[in-house]
Amino acid sequence: MSAWQRSIAQYSDRRVLLILPLGFASGLPLLLTFSTLSAWFATAGVSRGTIGAFALVSTPYALKFLWSPLIDRLPPPIPIGRRRGWGIAIQVALIAATLALGSCNPKVDLAHIAALAVLVAFLSASQDVVIDAYRVEILTPDQQGPGAAMIQTGYRIAMLVSGAGALIIAARFGWFAAYATMAALLGVGMMVFIFGPEPAIPPEAQPHTNARGWDAVREWLATAVTGPFADFMRRPMWPAIVIFIVGYKLGEAMAGVMAMPLYISIGFSLNEIAAISKLVGFFATVIGAIVGGVVTSKLGVMRALILCGILQSAGNLFYVLQAVGGHRLDYLALCVAAENLTGAMAGTALVAYLSDLCSPAFTATQYALLSSLAAVGRTMVASSGGLLADKLGWVPFFLLTTVATIPALVLLAWIARRDPTPWRKRQNSISA
């Protein structure tokens, strides 16, 4: 069997397949407090200002690293294992909160809806902490690439279901039926935690029972709160790693922020954009995630990051083609396909890299922190993309996004030359 065949065969492994439904459960709640909730409000006559303000309910996704140490260290409410116990407990609460949110009436109890939406977002972010830790711990280092592809594929399928699927259900049977259906579908992820294996707790993560009183509190703070950060900062070149993580998706984020304004300024209708984005974009993302997993498994994380990063940057050139070519549906399809295909490939490689950076003793906390850093670039450019596009014009702006990731790729090459072995693989080889 060739190396490429072995890489593809990883997708048939039972543990890798378990990640697909977990990715589905992870992605399902996101739009229920974002675009699907906005559509519900719009049909109920809620003002646009209020709808815009509700975007703040997604804040827990950016802050999940603050409470991830509790999930990493505290005993779960359901005593069937550290990850499975927390996973099931959070998902039960998430299902109940989703049902409660769907039973509200936006015309009379917006404050109640706001509180429930924040609760759904908080529980969804907490679920992500458990799922990411479970994925990293249950898979071998060689399976992290396929696992990253599975998590992204499941996530994308879930967003299609909770977006377009929920709207179709709401149009026929009402909004409570839509949210109740989404709540029921969350049971897909719960089945994995009920019947799947529990990752072993590494010796360094085992709780110490000898300490009492303030000594126990200090020990917990040292291991659960400061421990993950101190452990990460013991890695060689950790500041360079942080800068790379922030900058790797910067160019894609700059382009993505202004993609919709570009399409509309050219004259595409919302129906044209939606049809192309949902059909072409969905399949391009799934294919990109799977291809990215195969490439990562075959080439290794570092080389896959560089290759996929170059392709991701080159994909932004299709925006230039769109800006020059004008209102052409074939160009729009090419642009959407290139954006989603290369972005998913790079995203899969990045998820595998972040997974490799996590120490077994602090998986949940460190992955939550690293994934938050990866989102910093997208957050930082969201407000500046429009100003740059207005100042430069469409073609120079998208050419700028094409080269924006080059500094991060050069930094990654420097890191790889000095420390080519991912941290997780090196730690495994030491323990072996």
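Small disclaimer: the values here were computed from a predicted structure and weren't measured.

So, how was this worked out
- Residues numbered from 1 in each chain as written.
- Predicted model: local features only at pLDDT ≥ 70, side-chain atom pairs only at ≥ 80, totals over all residues.
- Heavy atoms only, no water.
- Phe/Tyr/Trp six-rings, centres within 6.5 Å; stacked < 30°, edge-to-face > 60°.
- Buried < 20%, exposed > 50% of the residue type's maximum accessible area, 1.4 Å probe, protein only.
- Salt bridge = Lys/Arg side-chain N within 4 Å of Asp/Glu carboxyl O.
- Helix = DSSP H or I, 4+ residues; strand = E, 2+ residues; numbered from the N terminus.
- Axes fitted to C-alpha atoms, helices over the stretch in contact; angles between N-to-C directions.
- Parallel < 35°, antiparallel > 145°, perpendicular 65-115°, else oblique.
- Left-handed = near helix turned anticlockwise from the far one by under 90°.
- Contact = heavy atoms within 4.5 Å.
- Nonpolar A, V, L, I, M, F, W, Y, C, P; charged D, E, K, R; others polar.

**A look at the packing of aromatic side chains**
Then step 1. Across all of its chains, the model carries 13 aromatic pairs by this definition.
Then step 2. Note on Tyr 263 and Phe 268: the rings are 6.4 Å apart at their centroids and 90° apart in plane angle, and the pair reads as edge-to-face. Here the two residues Tyr 263 and Phe 268 agree in accessibility, since each one is buried.
Then step 3. Judged by centre distance (4.8 Å) and plane angle (15°), the rings of Tyr 319 and Phe 398 are stacked.

**Examining the pattern of salt bridges**
Then step 1. Throughout the structure, instances matching the rule amount to nine salt bridges.
Then step 2. Glu 137 is the partner of Arg 82 in a salt bridge, and the nearest nitrogen-oxygen pair spans 3.4 Å. Of this pair, Arg 82 sits in helix 7 (residues 82–102) while Glu 137 is found in helix 8 (residues 110–138), placing the two residues 55 residues apart along the sequence.
Then step 3. A residue is classified by how much of its surface remains accessible, and Arg 82, at 10% relative accessible area, is buried.
Then step 4. Taking the relative accessible area as the measure of exposure, Glu 137 reaches 16% and is therefore buried.
Then step 5. When the shortest N-O distance is used, the salt bridge between Asp 330 and Arg 328 registers 2.6 Å.
Then step 6. A relative accessible area of 39% means that Asp 330 is categorised as partly exposed.
Then step 7. Look at the salt bridges and you will find they share partners, linking Asp 72, Arg 82, Arg 83 and Glu 137 into a network.

**A word on the packing of helix 8 against helix 9 (residues 144–173)**
Then step 1. Taken N-terminus to C-terminus, the directions of helix 8 and helix 9 make an angle of 150°; their axes are 10 Å apart at the nearest point. It follows that helix 8 is roughly antiparallel to helix 9 by the angle criterion. For the crossing formed where helix 8 meets helix 9, the hand is right-handed. Residues Ile 131, Arg 135 and Val 136 of helix 8 pack against Gln 144, Gly 147 and Ile 151 of helix 9.
Then step 2. Across the contact of helix 8 with helix 9, the residue classes tally to three nonpolar, two polar and one charged.

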